[in-house]
Amino acid sequence: MTQSPTSRWSPWTLHGDGRQVRPGDVVAPDERLSWPRTVGVGVQHVVAMFGATFTVPLITGFPPATTLLFSGLGTLLFLLITGNRLPSYLGSSFAFIAPVLAAKTDGGIGAALGGIVVAGVALALVGVVVQVAGSRWIDALMPPVVTGAIVMLIGLNLAPVAWDGGGAGTGVKAQPLIAVVTLVAILLTTVLFRGFVARLSILVGVVVGWVLAALTGNLDQQAVRGLRQAAWVGFPEFHTPSFDARAVVLVIPVILVLIAENAGHVKAVAAMTGRNLDRDMGRALLGDGVATVLAGSGGGSGTTTYAENIGVMAATRVYSTAAYWIAGGTAILLGLCPKFGALILTVPAGVLGGATTALYGLIAILGARIWIESRVDFHDPINLFTAAVAVIIGAANYTLTAGDLSFNGIALGTAAALIIYHGMRLIARLRGTTPESRQSPDPEL
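Quick caveat, the model's predicted, so the values are computed rather than measured.

*Asks:* Explain the overall build of the chain here, please?
*Replies:* Of regular secondary structure, the chain possesses 20 helices and seven strands. In terms of overall size, the chain behaves like a compact globule, its C-alpha atoms giving a radius of gyration of 22 Å where 445 residues would be expected to give roughly 22 Å. Here the C-alpha coordinates of the chain stretch approximately 70 × 60 × 45 Å along the principal axes. Contacts spanning at least 24 positions in sequence make up 79% of the contacts within the chain whose residues lie at least 6 apart.

*Asks:* Would you explain unusual backbone geometry in this entry?
*Replies:* Of note in the backbone geometry, Asn-84 takes a positive phi value of approximately 65° without being a glycine. You can see Asn-84 is positioned in the loop between helix 2 (64-81) and strand 4 (90-92). On the accessibility criterion, Asn-84 (15% relative accessible area) is buried. Notably, Asn-397 is not glycine yet its phi reads approximately 55°, a positive angle. Secondary-structure assignment places Asn-397 in the loop between helix 18 (381-395) and strand 6 (400-402). Judged by its relative accessible area of 35%, Asn-397 falls in the partly exposed class.

*Asks:* I'm lost on the environment of Arg-194 in this one. Help?
*Replies:* Within the fold, Arg-194 resides in the loop between helix 7 (176-192) and helix 8 (195-199). When its relative accessible area of 78% is taken as the criterion, Arg-194 is described as exposed. Residues Arg-194 and Leu-158, spaced 36 residues apart in sequence, show a C-alpha to C-alpha distance of 29 Å.

*Asks:* Help me understand empty space enclosed by the protein in this model?
*Replies:* Once rolled over the atoms, a probe with the size of a water molecule shows which space is left empty. In the structure shown here, the tally under the stated rule is one cavity of 30 Å³ or more. Of the pockets and cavities examined, the largest cavity occupies roughly 30 Å³. Lining the largest cavity are Val-56, Thr-60, Phe-62, Ser-93, Phe-96, Ile-97, Val-100, Ile-116, Ser-301 and Gly-302. When residues of the lining of the largest cavity are traced back to their parent elements, those giving at least two are helix 1 (35-60) and helix 3 (97-133). Per element, the largest residue contribution to the lining of the largest cavity is three residues, and it comes from helix 3.

*Asks:* Quick question: what am I supposed to make of the environment of Gly-24 here?
*Replies:* Mapped onto the secondary structure, Gly-24 falls in the loop between strand 2 (13-15) and strand 3 (31-32). With a relative accessible area of 77%, Gly-24 lands in the exposed category. Remark: the alpha-carbon pair of Gly-24 and Arg-317, spanning 293 residues in sequence, is separated by 9.1 Å.

*Asks:* Please explain the packing of aromatic side chains as it appears in this structure.
*Replies:* We describe a pair of aromatic rings using the distance from one ring centre to the other and the angle between the two ring planes. Summed over all chains, the structure comprises four aromatic pairs. The interplanar angle of 50° and the centroid separation of 6.5 Å between the aromatic rings of Phe-235 and Phe-238 together place this pair among those described as tilted. With relative accessibility at 67%, the residue Phe-235 sits in the exposed group. The exposure class of Phe-238 is partly exposed, given its relative accessible area of 43%. Judged by centre distance (5.1 Å) and plane angle (80°), the ring pair of Trp-371 and Phe-378 falls under edge-to-face. Joined through ring pairs, the aromatic side chains of Phe-70, Phe-235 and Phe-238 make up one cluster.

*Asks:* I tried to follow the pattern of salt bridges on my own but got confused; where do I start?
*Replies:* Pairing between side chains of opposite charge can happen when the charged atoms of each approach one another. With the rule as written, the count across this model stands at three salt bridges. A salt bridge links Arg-425 to Asp-380, with the nearest nitrogen and oxygen atoms 3.1 Å apart. In this pair, Arg-425 is assigned in helix 19 (residues 409-431) and Asp-380 in the loop between helix 17 (349-373) and helix 18, connecting sequence segments 45 residues apart. Looking at Arg-425, the relative accessible area reads 14%, which means it is buried. Residue class for Asp-380 comes out buried when judged on its relative accessible area of 7%.

*Asks:* I would appreciate a short explanation of the packing of helix 2 against helix 13 (residues 281-298) in the present structure.
*Replies:* Between helix 2 and helix 13, the shortest axis-to-axis distance is 9 Å and the interhelical angle comes to 150°. One finds that helix 2 runs roughly antiparallel with respect to helix 13. In this structure, the crossing between helix 2 and helix 13 has a hand that is right-handed. In this structure, helix 2 uses Thr-66, Phe-70, Leu-73, Gly-74, Leu-77, Phe-78 and Ile-81 to contact helix 13, whose residues at the interface are Arg-283, Ala-284, Leu-286, Gly-287, Asp-288, Val-290, Ala-291, Leu-294, Ala-295 and Gly-298. Here the residues of the contact of helix 2 with helix 13 are counted per class, giving 11 nonpolar, four polar and two charged.

*Asks:* Could you clarify how one ought to interpret the environment of Val-151 in this entry?
*Replies:* Topologically, Val-151 is positioned in helix 5 (residues 144-157). C-alpha of Val-151 to C-alpha of Thr-303: the two residues are 152 residues apart in sequence and 16 Å apart in space. Apart from residues lying up to four places away in sequence, Val-151 is in contact with Ile-363, Ala-364, Leu-366, Gly-367 and Ile-370.

*Asks:* Explain the nonpolar core here, please?
*Replies:* In globular proteins that are soluble, nonpolar side chains generally tend to be buried together. Core analysis: the biggest nonpolar cluster contains 103 residues, and Phe-94, Phe-96, Val-146, Ile-154, Leu-158, Tyr-360 and Trp-371 have the highest contact counts within it. For this core, the element with the most residues is helix 3, which contributes 13 residues. Not counting chain neighbours up to four residues away, the residues in contact with Leu-158 comprise Phe-94, Ile-97, Ala-98, Tyr-360 and Ile-363. Counting six residues, the second largest nonpolar core, distinct from the first, contains Val-21, Leu-33, Val-41 and Ala-323.

About the criteria used
Residues numbered from 1 in each chain as written. Predicted model: local features only at pLDDT ≥ 70, side-chain atom pairs only at ≥ 80, totals over all residues. Heavy atoms only, no water. Helix = DSSP H or I, 4+ residues; strand = E, 2+ residues; numbered from the N terminus. Rg over C-alpha atoms; globule rule 2.2 N^0.38 Å. Contact = heavy atoms within 4.5 Å. Buried < 20%, exposed > 50% of the residue type's maximum accessible area, 1.4 Å probe, protein only. 1 Å grid on protein atoms, 1.4 Å probe; cavity = no way out; pocket = protein on both sides within 12 Å on 5 of 7 lines; lining within 4 Å. Points joined across faces, edges and corners; volume = space filled by probe spheres on them. Phe/Tyr/Trp six-rings, centres within 6.5 Å; stacked < 30°, edge-to-face > 60°. Salt bridge = Lys/Arg side-chain N within 4 Å of Asp/Glu carboxyl O. Axes fitted to C-alpha atoms, helices over the stretch in contact; angles between N-to-C directions. Parallel < 35°, antiparallel > 145°, perpendicular 65-115°, else oblique. Left-handed = near helix turned anticlockwise from the far one by under 90°. Nonpolar A, V, L, I, M, F, W, Y, C, P; charged D, E, K, R; others polar. Core = buried A, V, L, I, M, F, W, Y, C linked by side-chain atoms within 4.5 Å.

As structure tokens, then:
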């Protein structure tokens, strides 16, 4: 495909005539379509990430508009740090939900933000190490059986939040009918529609649930008054972090999930674009870490690269980073609209409960998907015990208190997965009891 040059200042070349993508072609990261079409794709990326990104602050009690603003700013930072080579959107990470809720209970929103900032710094440092030393050690530290277990235990650990909002009465239990209707709308949207609309099933379900709540008088009237009084243009609500050791201990294990997510997304984009992006793995982790630090410093949720937007790229075959600059800018503009943020705050408890029932379940099943796609061998007892123990610790939310520090199910389950896998593997090698060493040419031995 012949590429047409653009103006000298532009980092992108025009793909073909800028109007269409021929069968078998893709729009590469350093290419773009015409600007009107690029704007359209960029706005589509905002819609794709929106349902998940605004759900996280609703659950954690963070200002939604603030989170949206920092997701846009974080995306632009990510593009700069990765040299405009990695098309990705940074949205709110669900991995932060459980530890942030626990940290908020102990020390308020400031302590939770402090934990997010420290996690971002740690992730950025990992990114620097990976950029210098390479990414193979990540695969060695967190093989698929460990990564899948960590992702699954996070989803299962969140299950009580879907039912009762972690004891806050903001889940299915509060408004069961609205929750069921929301969940059914999500499921039906997934199978009744095709393509892009099906990808918006969470957002559609939330809208349906909200409308039902409005018609039945189940909206929070205080939130509705806040919507009426909110200005159309203005800065969102900012918060400053405070640093508490307990909150940091609760939140810091999340970086293991962020490392796995970023690594997986980089490899997915590399496969779709036909480019080797391993050299940019460290930059991706650094970019996500810096974006998370920025968000935590002002009241936003921790960020991660979004699979939803990778799905949009796969559907459109447009991998242009220009579209992500548009998406980041659009999110910033929405974050600077208090009226929009106030509208999100009117979403009732039952709607959140119905949506999170699906979302948390999807997180848990994603762990199983990692095992399946990586062909994890569960005939190996080391893999079997690694997953079994870690998942139960996370699902039951085992808690360990040591002085002023408290370790919840996600932290303990993550530690268990790493220690059990590497500990058992080391002992088995020393004792010669690995599956390979037990193999014998005599079938009766």
